[in-house]
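# Structural characterization, general
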Amino acid sequence: MSGRLSATLADAVAMAWRASPVACLGQVGAAVLAGLTPVAGAWLLRAILDGLSGGHAQRVVHLVVLSILMAAAGGATALLPNLSQYLAAQSGLVVRREATIGLFSTLSRLHGLRLLEDPAFQDQLRLAEQAGSSGPGQIMSGAISIVQSVLTLSGFLITLLLLNPVLAAALVIAAIPVIYLERRIARQQVALITGITKNERRQLFYQQLMCSLHAAKEIRLFGLGAYFSDRMLDELGQVIRASRHVNRRVLAGNAAMAGTSAVVAGAGLVWAVTSASAGRLSLGDVAVYVTALGSVAIALGMVINAAAMSYRSLLLFGSYRDVLAQEPDLTEPAQPAPAGKLRRGIELDDVWFRYGPDTPWVLRGVSCFISHGQSLAVVGHNGAGKSTLVKLLCRFYDPDRGRILWDGVDLRDLDVPSLRERISAVFQDYMTYDLTAAENIELGELKLAGQADAVGAAASRAGIHEALAALPRGYQTLLTRSYLETGDDDPQSGVLLSGGQWQRVALARAFLRGSRDLMILDEPSSGLDAEAEHEIHASLARDRRGAATVLVSHRLNTVRDADHIVVLSGGVISEQGGHDALMAAAGIYARLFSLQARGFEQAATRMGVPSE
């Protein structure tokens, strides 16, 4: 066994042992007894048959004792597998918990986003979730099954060696090529699983898409159901074709094993019958020989199958170990400094960034200063790099070149959790959680969970308090219908909010977080009407003087009051300054602002509202 497989086996057994030492010991004990009782039963049967054929009436009591012992062995043979299965199930539950803790503790160490955006890592993560939960249990069960089968096999092989050494040797030799075949099949099955993961992921995507409420409107309006169904079935077809190929090889291997066993067993049976006819074997000898012959074949098959299953599980469990060994995706010094309260500001110094070595630069030499107590607005066309700038400020990524300084300290030298503790944000792609209204807001500051006054105040600032309070169960209403039980039409079980209402909930989440040193607002009012947008920005303006604020918006009327405006174009700062200075410069900002202003005036005219 290679060093990697040995290390994987050690980790899997250690995890199973940590999860439940008692269950592990119980499984081993049950396996030892289950491996020996069939052999004991066969020899007891031989003794009973030979005793009966001898015709000694004075041995009736002895035969009764042997019968009772044989019945006990038979009962143990029937009971022990069930006991072992129960212990394995109990251990598996705890192992699953341990594996889940390990996996998601590792994911919590990944402070950035780069790995989560990597399809190869997503495939590896998918395998790790499956292998981590079931792998240790399967490996442990396989190993215990091997121990049990080897004990049974050894006992019956000794029996065959005593009666026919040549036949015993033939059985062992015939199993050797089957072992190598099963090992090869196990590798092919692992290759199949790892190879079709991307197909299964795409199949799952199309499957979930067709069941998604979020996508339902477009799918139905544009008639996309059959299109996505065909794509899903195409991915499923590739999975099925690959699986069938491996399944045929598995069938061939099992057929080879069965054929070899049948030939050897047939030859042995012929020998036993002819030997008994010639008086060289007693009736008991024939019985124990036939039992041994069949049991050896069965035990050999169990050893080979258990070894193949364990080998396959070991290979897959390697994915789990690889994820746990994953290095952090953001570099940190050995002793990172805690992020202190922002006093001067945040400086972007010649920042270059791209999402991959073969992708275009998104930011190219961006330099600017975000002063504490002032607001910086970032505007520009789609794809100009605005949201990327936000991700870098939150340190979801590190610049490829240049630095971002927090009061003169590079973000890469700061402790990531302490940095993010000083940041509050409303993202353009804000989350909608399948939780209660209160919980959706409380996620912004878990320290305030359960404090209804603080949650209500944040909701009031976001203009969503009255709507949430009017829900069937107020703030305790689930903002989803996903958890309804079959036939449950009670509106109190959950409600769905509109897009604008959800955006206000996201704003309330940020407001609950309170004053932070850096407030990031990435399109915070894109889903709101003009009046609601004005209210939100007026509320934001009142509180942003005590922090550095970064406001990203396509609606330039919301940024005109910012202390400083930066225009991104093609990944570089093409213009910067105050609103009046940028309008006087008659550049990109002035052109975009004028276009939007004319659009608002025309809309107001159509609605009969006098323009300013």
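Before reading further, recall that the structure is shown in the block above.
Description of the structure in this document. This structure is a prediction, so every number in the text was calculated from the model and none was measured. (Residues numbered from 1 in each chain as written. Predicted model: local features only at pLDDT ≥ 70, side-chain atom pairs only at ≥ 80, totals over all residues. Heavy atoms only, no water.)

### Focus on the sheet that holds strand β6 (residues 423–426)
Pairing within the open sheet is mixed, and its 6 strands lie in the order β6-β7-β8-β3-β9-β10. Each end of this open sheet is capped by a strand with a single partner; those strands are β6 and β10 (572–577). For this sheet, the mean inter-axis angle between neighbouring strands, taken without regard to orientation, is 15°. In this sheet, strand β9 (residues 564–569) lies alongside strand β3 (residues 375–380) in parallel orientation, the contact comprising 5 bridges. Paired with Val378 across the bridge in β9 is Val566. Across the sheet, helix α9 (residues 386–393) lies against β3, β6, β7 (518–522), β8 (548–552) and β9, angled at about 155° from β7, the strand it touches most. (Pairing = 2+ DSSP bridges. Helix = DSSP H or I, 4+ residues; strand = E, 2+ residues; numbered from the N terminus. Axes fitted to C-alpha atoms, helices over the stretch in contact; angles between N-to-C directions. Contact = heavy atoms within 4.5 Å.)

### Notes on the pattern of salt bridges
Taken as a whole, this structure holds 9 salt bridges when the rule is applied. The salt bridge partner of Glu421 is Arg516, with a shortest N-O separation of 3.2 Å. Here Glu421, found in the loop between α10 (416–420) and β6, pairs with Arg516, found in the loop between α14 (499–512) and β7; they are 95 residues apart in sequence, far enough to count as distant. The network of salt bridges with common partners includes Glu421, Glu445, Lys447 and Arg516. (Salt bridge = Lys/Arg side-chain N within 4 Å of Asp/Glu carboxyl O.)

### Some remarks on the sheet that holds strand β1 (residues 345–353)
Taking strand neighbours across the sheet as the criterion, the 4 strands line up as β2-β1-β4-β5 in an open arrangement whose pairing is antiparallel. Edge positions in the sheet fall to β2 (363–371) and β5 (409–410), since each of these pairs with one other strand and no more. Note that β1 and strand β4 (residues 401–406) share 5 bridges and pair antiparallel. Within β4, the position partnered with Trp352 by the bridge is Arg401. Sheet strands touched by α9: β1, β2 and β4. Its angle to β1, the strand with the most contacts, is close to 120°.

### Description of helix α12 (residues 452–461)
Every buried residue belonging to α12 is among Val455, Gly456, Ala458 and Ala459, and all of these are buried. Projected down its long axis, α12 shows its buried positions confined to an angular sector of 160°, all on one face. Residues of α12 that are buried in the fold lie against α11 (437–442), α13 (465–469) and α14. Just downstream of α12 lies Gly463, where phi reads positive at about 70°. (Buried < 20%, exposed > 50% of the residue type's maximum accessible area, 1.4 Å probe, protein only. Arc of directions from axis to C-beta.)

### Some words on the layout of surface pockets
Its boundaries defined by the atoms lining it, the second largest pocket holds a volume of some 780 Å³. At the level of elements, α10, β6 and α14 are the ones that each hand at least two residues to the lining of the second largest pocket. Top contributing element to the lining of the second largest pocket by residue count: β6, with 4 residues. (1 Å grid on protein atoms, 1.4 Å probe; cavity = no way out; pocket = protein on both sides within 12 Å on 5 of 7 lines; lining within 4 Å. Points joined across faces, edges and corners; volume = space filled by probe spheres on them.)

### Concerning the packing of helix α3 (residues 60–109) against helix α4 (residues 119–163)
With their axes 9 Å apart at the nearest point, α3 and α4 run at an angle of 150° to one another. On the basis of their axis angle, the class for α3 and α4 is roughly antiparallel. Crossing angle aside, the handedness with which α3 passes α4 is right-handed. Contact residues: α3 offers Ala88, Val95, Arg96, Ala99, Thr100, Leu103, Phe104 and Leu107, while α4 offers Phe121, Leu125, Ala128, Glu129, Gly132, Ser133, Pro136 and Ser141. A per-class count over the contact of α3 with α4 returns 10 nonpolar, 4 polar and 2 charged. (Parallel < 35°, antiparallel > 145°, perpendicular 65-115°, else oblique. Left-handed = near helix turned anticlockwise from the far one by under 90°. Nonpolar A, V, L, I, M, F, W, Y, C, P; charged D, E, K, R; others polar.)

### Section: the packing of α12 against α14
Running from N to C, α12 and α14 cross one another at 125°; their axes reach a closest spacing of 8 Å. Relative to α14, the element α12 lies oblique. As α12 runs across α14, the sense of the crossing is right-handed. In this structure, α12 contributes Ala454, Val455, Ala458, Ala459 and Arg461 to the contact, and α14 contributes Ala508, Phe511 and Leu512. In the contact of α12 with α14, the residues fall into 7 nonpolar, no polar and 1 charged.

### Focus: the packing of aromatic side chains
Throughout the structure, instances matching the rule amount to 6 aromatic pairs. Relative to Tyr355, the ring of Phe353 lies with its centre 4.9 Å away and its plane at 85°, an arrangement referred to as edge-to-face. Residue classification places Tyr355 among the partly exposed residues on the basis of a relative accessible area of 30%. Where Tyr589 meets Phe593, the ring centres are 6.0 Å apart and the plane angle is 25°; that geometry is what we call stacked. Linking Tyr589 with Phe593, this pair stays in helix α17 (residues 588–606), spanning 4 residues, or about one helical turn. Each member of the pair Tyr589 and Phe593 is classed as buried. Three or more aromatic residues link up through ring pairs in this structure, and these residues are Phe353, Tyr355 and Tyr397. Over the ring of Trp361 we find Arg354; its NZ or CZ atom is 4.2 Å from the centre of that ring. In this arrangement the basic side chain of Arg401 is found over the ring face of Trp352, its NZ or CZ atom lying 4.8 Å from the centre. (Phe/Tyr/Trp six-rings, centres within 6.5 Å; stacked < 30°, edge-to-face > 60°. Lys NZ or Arg CZ within 6 Å of the ring centre and 35° of its normal.)

Functional significance is not addressed by these values, which are geometric in nature.
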